[in-house]
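Chain and residue survey
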Amino acid sequence: MQPGDSFDPARDRAMTCLVTGAGSGIGRAIALAFARERAHVIVNDLPSSAALDELRKDIEALGARCTLAAADVADAASVRGLFADIERLDVLVNNAGILREAPVTEISDSEWDRMIKVHLYGAFYFSREAARLMQKQRRGAIVNIASDLGQLGCENLSHYSAAKGGIIAFTKSLARELAPHGVRVNAVAPGGVLTPMVEALGARYIEEEAARYPLKRLGTPEEIAQAVRFLSSDAASFITGQIVGVNGGGVMNG
Ligand code: NAP
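Definitions and cut-offs
Residues numbered from 1 in each chain as written. Predicted model: local features only at pLDDT ≥ 70, side-chain atom pairs only at ≥ 80, totals over all residues. Heavy atoms only, no water. Near = heavy atom within 4 Å. Polar contact = N/O pair within 3.5 Å; in protein donor to acceptor, adjacent residues only side chain to side chain. Areas by Shrake-Rupley, 256 points an atom, 1.4 Å probe, with all protein chains shown as cover. Helix = DSSP H or I, 4+ residues; strand = E, 2+ residues; numbered from the N terminus. Nonpolar A, V, L, I, M, F, W, Y, C, P; charged D, E, K, R; others polar. Contact = heavy atoms within 4.5 Å.

1. Considering the site of the ligand
The immediate surroundings of the ligand are formed by 31 residues, with Ser-24, Asp-45, Asn-95, Tyr-160 and Thr-195 found nearest. Residue Val-73 places a main-chain N or O atom 3.0 Å away from a nitrogen atom belonging to the ligand. Side-chain polar atom of Arg-114 to a nitrogen atom of the ligand: 3.4 Å apart, as the coordinates give it. When the ligand is considered free in solution it has 890 Å² of accessible area, and contact with the protein chains removes 88% of it. Those elements that place two or more of their residues in the shell around the ligand are helix 2 (25-36), helix 5 (109-137), helix 7 (158-178) and helix 8 (196-199). Looking at the shell around the ligand residue by residue, the class counts come to 15 nonpolar, 12 polar and 4 charged.

2. Quick notes on the environment of Ser-147
Looking at the secondary structure, you find Ser-147 in the loop between strand 5 (140-145) and helix 6 (149-152). Considering only alpha carbons, one finds Ser-147 and Ala-163, 16 residues apart in sequence, at a separation of 9.5 Å. Residues contacting Ser-147, with those up to four places away along its chain left out, are Tyr-160, Lys-164, Ile-168, Val-188, Ala-189 and Pro-190. Here Asp-148 takes part through its side chain, which lies 3.4 Å from a polar atom of the side chain of Ser-147. Within the structure, Ser-147 has its side chain in polar contact with the backbone nitrogen of Leu-149 (distance 2.9 Å).

Okay, here's the thing in structure tokens:
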């Protein structure tokens, strides 16, 4: 859609949005935000996840269409196979992620590989397939979920921070490359958000984490979903290559 085009409810209701790692936390909130817009929501999570069935019920209860697309985002063949069934895609959200604290001296080769694979390869595999479709459509939006730690760095999370820093550079590169094709690419870089990923780190971590933000609290998954929804909508038609901090003021750019 070009700036100035009129709003077409039938077309916009039929928007197709794919969210990776949608079974929990931020991804689930993003999928539900799209469902509230009556989009067709394609939801991905690991094949072992039981959460997608429940999510599908919640999406359908909102009157939206839902398709399950279970796959390990770090498995190129599975991602390619998943796209074989997708004819059109308006929005891709690369959200799937993992977190495990460890000092650099304790990170094994396989832990480093897995961290980079899930975040960076996952975003690459999905974006590569999405870009093929979106270039043909001459329309589309990709939103990557980065992290403030990809901007700040973080002790005991060097592998995670490196992966997120890579996602930030990938976002800017893809934004430049796909702009001539009518495709926008942005990232949301959340600060600490109360999700199972962070809750698993314990109450003390959460308290200390909240204290480091000017707003003195962690965010909610819905607050991240709002930013993703905006960046993927036509309201953001002149925004590409941006890293939008939804972080309680933890990082201030400009
Ligand atoms: P979460 O509640 O743990 O959700 C992550 C989801 O990704 C889970 O459903 C998980 O499935 C899924 N997943 C993990 N590995 C996958 C794979 N290989 N293939 C497909 N799905 C996979 O975590 P969250 O906090 O919502 O995090 C979502 C994103 O936000 C991540 O990229 C994270 O790095 C980023 N982020 C989070 C925060 C925060 O404070 N929460 C801050 C900045 C950025 P399982 O549960 O089955 O493993």
